[in-house]
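A look at the structure
Each chain is listed here by its residues.
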Amino acid sequence: MRSLELLLLTVSLSSYASAFSNGHRDIYHDHLGRDLRARNIVYNGALSADTYDFVIVGGGTAGLALAARLSEDSNTTVLVLEAGDTGDAVADRINTPAKAYYDGLPGTAYDWAYTTVEQPGAGNRALPWPRGKVLGGSSAMNGMYHVRPSKIEVDTWASLIDGGSDNWSWDSLFNDMKTSETFTPPSSDIQNTAGIQYAASSRGTNGPVHASYSGFQLPVVGQWTETLANIGVEVQADAYGGTGWGAFVASSSINPSNWTRSYSRSAYIDPLPPRSNLNILPNATVTRIIFDTSNATNLTATGVEWASSKDAAKKTVKVRKEVILAGGAVGTPHVLMHSGVGPSDVLKAAGVDVVLDLPGVGQHVQDHISTAVTFKSKIDTAGSLRTQGNNANSPVFLSFINAATAYVNVTDLLGDSAAQFKQQVSDELSSSLSTLVPSTSDEVKKGYQTIYETTLNTLLMSPIGQVEILLALNAPDSIAIQAALQHPFSQGRIYITSADPFTPPAVDPQYLSHEADTVILREGLKLARKIGATAPLSAALGDEVSPGTGVQSDDDWDKWLAQNIGTEYHPSCSCAMLPREQGGVVGADLRVYGLGNVRVADASVFPIEFSAHLQAPVYGLAEQAAKIIRATYNNAAQDTGAGSNSSSGSGKTQATDPDQSGDSNGARAAAWSSSLAVAVAGAIAALLL
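Residues numbered from 1 in each chain as written. Predicted model: local features only at pLDDT ≥ 70, side-chain atom pairs only at ≥ 80, totals over all residues. Heavy atoms only, no water.

**What about the overall build of the chain?**
The condition that has to hold: Counting from the N terminus, the helices are the DSSP runs of H or I reaching at least four residues and the strands are the DSSP runs of E reaching at least two. Categorising residues by exposure relies on relative accessible area from a 1.4 Å probe, with only protein chains included: less than 20% of the type maximum marks a residue as buried, more than 50% marks it as exposed, and the intermediate range marks it as partly exposed. The contact criterion used is simple: two residues touch if any of their non-hydrogen atoms lie within 4.5 Å. All accessibility values rest on the Shrake-Rupley procedure with a 1.4 Å probe; residue burial counts only the protein chains present in the view.
When helices and strands are counted, the chain shows 21 helices and 28 strands. The burial tally for the chain puts 63% of its 689 residues in the buried class. Of the contacts made within the chain by residues no fewer than 6 positions apart, 74% connect residues no fewer than 24 positions apart. Looking at the chain as shown, the accessible area adds up to about 23100 Å², and 48% of this sits on carbon and sulfur atoms.

**Comments concerning a negative patch on the surface**
Quick reminder of the rule: Patch membership requires more than 30% relative accessible area and the absence of a salt bridge. Residues of like charge join within 9 Å; the nonpolar side chains Val, Leu, Ile, Met, Phe, Trp and Tyr join within 5 Å. A carboxyl oxygen of Asp or Glu within 4 Å of a side-chain nitrogen of Lys or Arg is what we treat as a salt bridge. When charges are counted, Lys and Arg contribute as positive and Asp and Glu as negative, whereas His and the chain ends are disregarded. Taken as the charge location is NZ of Lys, CZ of Arg, CG of Asp or CD of Glu.
A grouping of D162, D345, D357, D442, E443 and E581 is seen on the molecular surface, where their side chains present a negatively charged patch. Of note, D345 is situated in helix α12 (residues 344–350). The exposure class assigned to D345 is partly exposed, which follows from its relative accessible area of 48%.

**Here's the deal with the packing of helix α5 (residues 151–159) against helix α17 (residues 442–459)**
Each packed pair of helices is defined by two parameters, the angle between the axes and the distance between the axes. The criterion, for reference: To get an axis, a line is fitted to the C-alpha atoms, and for a helix only the part in contact is used. The angle between two axes follows their N-to-C directions and goes from 0 to 180 degrees. In this scheme, roughly parallel covers angles under 35 degrees and roughly antiparallel covers those over 145, while 65 to 115 is roughly perpendicular and the rest are oblique. For any pair of crossing helices, the crossing counts as left-handed if the nearer helix is rotated counterclockwise from the farther one by less than a right angle, and right-handed if it is rotated clockwise. Three classes are used: nonpolar for Ala, Val, Leu, Ile, Met, Phe, Trp, Tyr, Cys and Pro, charged for Asp, Glu, Lys and Arg, and polar for all others, with Gly counted as polar.
Where α5 meets α17, the closest approach of the two axes is 11 Å, and the angle between their N-to-C directions is 140°. When the axis of α5 is compared with that of α17, the two are oblique. Judged by the twist between their axes, the crossing of α5 over α17 is right-handed. Residue-level inspection shows I152, E153 and T156 of α5 in contact with α17, the latter providing T454, T458 and L459. Considering only residue class, the contact of α5 with α17 consists of two nonpolar, three polar and one charged.

**Side note on the packing of aromatic side chains**
Note the cut-off: Any pair of Phe, Tyr and Trp rings, taking the six-membered ring for Trp, is counted once the centres come within 6.5 Å. Such a pair is stacked with planes under 30 degrees apart, edge-to-face with planes over 60 apart, and tilted for the rest. Think of it as a cone above the ring: NZ of Lys or CZ of Arg counts as a charge over the ring if it is within 6 Å of the ring centre and within 35 degrees of the ring normal.
Taken as a whole and assessed by the stated rule, the structure comprises 18 aromatic pairs. When the ring of W157 is compared with that of F610, the centres are 6.0 Å apart and the planes differ by 50°; the resulting orientation is tilted. Of this pair, W157 sits in helix α5 while F610 sits in the loop between β28 (598–600) and α20 (615–634); the two residues are 453 residues apart in sequence, bridging distant segments of the chain. When sorted by exposure, W157 lands in the same class as F610, which is buried. Grouped by ring-pair contacts, the aromatic residues W157, W168, F606 and F610 constitute a single cluster. Over the aromatic face of Y240 sits the side chain of R203, whose NZ or CZ is 3.8 Å from the ring centroid. Just above the ring of Y495 sits the side chain of R493; from NZ or CZ to the centre is 3.7 Å.

**Comments concerning the pairing of strand β3 (residues 51–57)**
Put simply, the rule is: Whether two strands pair comes down to DSSP finding at least two bridges between them. With strands facing away from the observer, any crossover in which the path from the first strand over the helix to the second runs clockwise is taken as right-handed.
Within β3, seven of the seven residues are buried, which leaves it mostly tucked inside the rest of the structure. Where β3 meets strand β17 (residues 315–325), six bridges bridge the pair, whose relative direction is parallel. Note on β17: the bridge partner recorded for Y52 is V319. Of the pairings in the sheet, the one linking β3 to strand β4 (residues 78–81) comprises four bridges and is parallel in character. Counted as the bridge partner of V55 is L79 from β4. For the crossover that starts at β3, traverses helix α2 (residues 61–70) and ends in the parallel β4, the hand is right-handed.

**A few points about the nonpolar core**
Just so we agree on the cut-off: Among the buried residues, those of types Ala, Val, Leu, Ile, Met, Phe, Trp, Tyr and Cys that are joined through side-chain atoms within 4.5 Å form a nonpolar core.
If you look at the biggest cluster of nonpolar residues, it comprises 107 residues, and the most contacted ones within it are I56, L81, W157, W168, L595 and V598. It is α20 that contributes the most residues to this core, eight residues altogether. What L81 contacts, discounting residues up to four positions off in sequence, is V55, I56, V57, G58, G59, L281, A284, V286, V304, W306 and V317. Y114, Y213, L537 and V551 belong to the second largest nonpolar core, which has 83 residues in total.

**Re the pattern of salt bridges**
Counted under the stated rule, the structure contains 25 salt bridges. Across the salt bridge formed by E305 and R288, the nearest N and O atoms sit 3.3 Å from each other. Of this pair, E305 sits in strand β16 (residues 300–307) while R288 sits in strand β15 (residues 285–292), placing them 17 residues apart in sequence. Overall, the relative accessible area of 10% leaves E305 in the buried class. Judged by its relative accessible area of 34%, R288 is partly exposed. With its nearest N and O atoms 3.2 Å apart, the salt bridge here joins K559 to D555. You can see K559 and its partner D555 sitting in helix α19 (residues 554–562), four residues apart, about one turn around the helix. Here K559 falls in the exposed class, since its relative accessible area comes to 55%. A single network of salt bridges, built from pairs that share partners, joins R69, E72, D73, E623 and R630.

Function cannot be read off these values alone, since they describe shape.
Okay, structure coming up:
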């Protein structure tokens with residue numbers, strides 16, 4: 001097969017990546033046998049100070065990006081508190097892209113392993129909600145899709161908050177997403193095989209996070225856009241410049257110099273030289289923020305309490321300037337509520353003293369839900385090829401992850417009945433407000449209405465995708481065409497049920513509580529079946545395995561999907577950037593209402609769900625947050641432009657080093673032989689994954 005020929009042609013060019021095959025633990029050894037420790041990460045639990053300018057709660061996708069940017073200022077001290085471990089012991093499982101499918105971290109100690117409450121709309125099932133509990137957070141365990149939202153969505157977000165256009169318009173976030181990435185085009189062979197289209201002008205060239213394409217592709221991927229075009233779906237030539245809809249082959253967060261995952265730790269932290277002003281402490285669960293309550297209308301955070309485990313003694317670190325919450329859509333509201341900030345009825349029921357009644361904390365939760373139509377395969381898939389020959393140990397082959405996608409709009413789904421559907425959803429607003437809002441707060445109800453009407457009147461009838469369609473080739477004998485709802489009308493909540501911060505919060509996304517979500521997802525699944533029956537893709541597919549030909553009527557589909565949907569792993573909106581009177585939690589400057597020096601910088605602040613995977617916009621959010629914060633204290637220019645573009649120990653050096661170390665920050669692997677100094681620096685950076 002052509003795919004195997006491509007593998008043989010390219011594997012020799014990437015043999016150096018085999019150095020990553022065995023994983024490694026906290027202590028490393030250089031080529032002289034000397035012990036080395038990952039720089040800036042505190043392995044012995046002993047912090048270098050008891051007070052820091054900034055304490056970042058959460059060392060995940062956004063948290064580590066913020067830490068790298070804020071610590072560029074040598075007069076600023078930064079501490080990151082991360083509940084999870086370093087990930088060193090499972091480095092190979094993190095770094096090898098394909099292991100996200102075959103040997104990933106969900107269900108391990110590196111997963112928060114949340115579970116929803118039983119979902120009436122999903123067959124009364126309690127569904128898993130994996131979230132990364134490790135340095136790098138969910139960027140260390142996700143599917144690596146590097147996809148951006150569209151201009152329509154981002155500008156809509158900016159319009160929902162006073163001052164939003166200054167920092168959160170498309171033009172702003174677009175520049176920040178470009179700042180965060182280094183894009184590497186595919187080779188001509190890979191581009192031709194997979195039918196990849198891209199516009200280099202829309203991509204970043206000097207950022208920390210690598211975005212590229214797998215080094216191995218299957219010819220069936222190249223049939224994707226042609227198949228979608230044959231059923232009338234637009235083929236998108238530039239999905240990254242603000243028009244992220246239609247069919248395309250997405251880039252992934254992969255470093256093509258060694259075929260490893262590029263994630264927030266390997267991108268923003270590992271390439272750094274030692275910084276005396278940066279400490280990253282793993283195995284440190286934040287239990288609460290401590291406040292000075294002398295000014296009841298503008299509370300000041302003075303410290304952060306944390307513990308290494310449920311039974312360990314609690315410790316406190318003091319804060320000079322700010323606490324920045326970057327715990328994600330679950331972790332951030334969890335910490336706020338245990339700090340006494342949130343809906344007073346929830347806090348009182350859990351036995352937590354109310355410090356600030358802020359009803360929107362944990363509300364407005366939105367998530368993508370998905371399931372798939374599955375067919376027998378007539379061709380070799382990545383899953384079947386993995387068991388053949390040396391594929392299981394080939395870095396090039398193991399860089400293959402699913403990337404063929406399409407964001408289909410409401411007309412693709414409903415045709416001429418789209419306008420009638422919109423009217424029906426509009427007519428249901430009043431009853432939805434009275435029965436579906438998981439709060440008695442008038443402010444939260446106003447926010448629910450704002451999000452509902454925005455989704456209905458701005459997003460629904462636009463060209464942006466209402467369902468994402470994905471081609472999955474990682475199973476050995478089957479091919480799946482997945483459908484994922486993108487703009488849910490169902491909104492849920494996250495809330496605490498105990499005063500113990502080590503007790504997981506209750507997660508209730510209220511999946512499919514609004515009938516419109518069932519209709520949209522059902523039509524997405526019908527479209528997936530239609531795609532499977534359309535040439536040229538249809539030649540690779542055999543009989544339908546699931547749900548099977550017995551599912552035909554709308555009622556059949558609705559019953560089946562209720563029993564088969566699950567998360568697409570993109571929860572957001574739980575600390576929404578909305579006006580306070582609409583149940584908002586943060587303003588345009590990311591400050592929590594009523595708190596003088598606490599900000600939130602993660603996916604929880606998005607007020608609407610995007611038609612995209614969330615890691616790219618979260619990196620952009622973190623870049624912008626760092627600029628806002630730095631400008632507040634040292635009048636720094638809004639465009640930092642700095643940062644290492646290294647991932648998994650490879651990339652150009654751009655980061656400002658406050659200690660003026662001579663470390664190279666990880667020179668590109670291809671140049672390791674050019675000088676001994678560059679070789680040593682690159683080797684160290686590679687070892688410190």
